[in-house]
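Spelled out from the first residue to the last, the chains are:
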Amino acid sequence: MTTADGTPTPSAPPVMVPSTRRRRIPAALRSPLAIVALAIITIWVAVMILAPWISPAGPTEQSFERLTAPSAEHWFGTDQVGRDVFSRVLHGARMSIPVAALLVSASLVVGAVLGAIAGYFGRVVDEVIMRVADLVFAFPTIILAMVIAAALGPSLRNAVIAILVVSWPPYARVTRSLVLSAREAEYVVAGRLLGNGPFTSLTKDVMPNVAAPVVVLATLDIGTAILLLSGLSFLGLGAVPPTPEWGAMVSDGIQQFSSWWIAGFPGLAIMSIVLAFNMLGDVLRDSLDPHTAQTVKGRAL
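Helix and strand content of the chain: 11 helices and 0 strands. Along its sequence from the N terminus, the chain presents helices and strands in the succession α-α-α-α-α-α-α-α-α-α-α. Sorting the 301 residues of the chain into buried and exposed places 42% on the buried side. Sequence separation of at least 24 residues holds for 68% of the intrachain contacts in the chain that already meet a minimum separation of 6. Roughly 16800 Å² of accessible area belongs to the chain as shown, and the carbon and sulfur atoms make up 67% of that amount.

This is the structure we're talking about:
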């Protein structure tokens, strides 16, 4: 536009409309339960990393007075051979948490792959994989893990193998059920009509859309894996002395029942980390499940 003398009218500066799309943390992850769980896990991860520098003594050092009660010098007391319990609890985090995470990751991969193959191809493949999973389900988890660990011999590696054998079927069953419902979806059928092979269809179309429930199950299972590892070590089928492992430390404390701190503090460590991962799993389930997420969002508003 121009004015009466022919000069152009200066245009108004463009109005910046603020974007209505903002990255926000899901309501479930902003709940007090999530904050507490993440705080506990963060503390234990920091302890796991910094244990060699923040522990007052070595985990196997036997240079202190035996069976000393908790004090300013030894915060968690000493055990029956003169080792600092506080140092052993800190170093026990370096044993329990990484091994449990690795174990859950391996179980997730094995179970998800077998469950996806069974659900997508069906027929004989489905029958064979699911019958093997049912065979594992037929026995109590801890009993079967004890039998396998006892047959292989007491060691942390054999305990991990035993738990892996009994831990993959839940992932296989959950993944299979999700794949069965997803393989007939329109986007999967369209991909097959466009020429996608079975492997491409399974990995590109099906698995990304069924991953959320499996991730929630894996988060919950980290606590279960820590309990199983500690249970096998408590029974003498896992980590062998003098390895600083929480379950083995609780077993040592049971033999010195009057010195409650030997078993009490490792037991509290197990309880805190297992409870934190269970709470985090519940929060992730609320966040990733669309129906539950809407309910949580409504409560938050």
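Residues Val45, Ile49, Leu50, Trp53 and Ile54 make up a contiguous nonpolar surface patch of about 500 Å² in total accessible area. Judged by relative accessible area, isoleucine 54 falls into the partly exposed class, the value being 42%.

Time to look at helix α1 (residues 32-54). If you check α1, its first and last C-alpha atoms are just 29 Å apart, much less than what 23 residues at 1.5 Å a residue would give, namely 33 Å. Considering bend angle alone, the principal kink of α1 is centred on methionine 48 and spans about 50°; proline proline 52 follows within four residues of it. Among the residues making up α1, those that are buried are Ala34, Ala37, Ile41, Trp44, Val47, Met48 and Ala51.

The next point concerns the layout of surface pockets. Over the atoms, a rolled probe matching the size of one water molecule traces out where space is still vacant. By volume, the second largest pocket is sized at about 220 Å³. If you list the elements that add at least two residues to the lining of the second largest pocket, you get α2 (85-121), α3 (123-137), α5 (156-182) and α8 (211-234). It is α5 that contributes the most residues to the lining of the second largest pocket, 6 residues altogether. Residues that form the lining of the second largest pocket fall into these classes: 12 nonpolar, 4 polar and 1 charged.

All right, on to empty space enclosed by the protein then. On inspection of all chains with the given rule, the structure shows 1 cavity of 30 Å³ or more. Of the voids in this model, the largest cavity is the one considered here, and its volume is about 40 Å³.

Grouped together as the largest cluster of nonpolar side chains are 53 residues, with contacts concentrated most on Trp44, Val89, Ala93, Leu232, Trp246 and Ile273. Ranked by residues supplied to this core, first place goes to helix α10 (residues 260-288) with 13 residues.

This paragraph deals with the pattern of salt bridges. A complete count under the given rule lists 5 salt bridges for this structure. A salt bridge links arginine 83 to aspartate 79; the nearest nitrogen and oxygen atoms lie 2.8 Å apart. Neither arginine 83 nor aspartate 79 differs from the other in exposure class; each is buried. Aspartate 134 is the salt-bridge partner of arginine 131, the closest N and O atoms lying 2.7 Å from each other. Taken together, the positions of arginine 131 and aspartate 134, both in helix α3 and 3 residues apart, correspond to about one turn of that helix. Here the salt bridges share partners, and the residues they tie into one network are Glu127, Arg131, Asp134 and Arg173.

Conventions adopted
- Residues numbered from 1 in each chain as written.
- Predicted model: local features only at pLDDT ≥ 70, side-chain atom pairs only at ≥ 80, totals over all residues.
- Heavy atoms only, no water.
- Helix = DSSP H or I, 4+ residues; strand = E, 2+ residues; numbered from the N terminus.
- Buried < 20%, exposed > 50% of the residue type's maximum accessible area, 1.4 Å probe, protein only.
- Contact = heavy atoms within 4.5 Å.
- Areas by Shrake-Rupley, 256 points an atom, 1.4 Å probe, with all protein chains shown as cover.
- Patch = residues over 30% accessible without salt bridge, like charges linked within 9 Å, V, L, I, M, F, W, Y side chains within 5 Å.
- Salt bridge = Lys/Arg side-chain N within 4 Å of Asp/Glu carboxyl O.
- Expected span 1.5 Å × (residues − 1).
- Bend = angle between axes of the 7 residues up to and from the residue.
- 1 Å grid on protein atoms, 1.4 Å probe; cavity = no way out; pocket = protein on both sides within 12 Å on 5 of 7 lines; lining within 4 Å.
- Points joined across faces, edges and corners; volume = space filled by probe spheres on them.
- Nonpolar A, V, L, I, M, F, W, Y, C, P; charged D, E, K, R; others polar.
- Core = buried A, V, L, I, M, F, W, Y, C linked by side-chain atoms within 4.5 Å.

Purely spatial values, then, with no claim about function.
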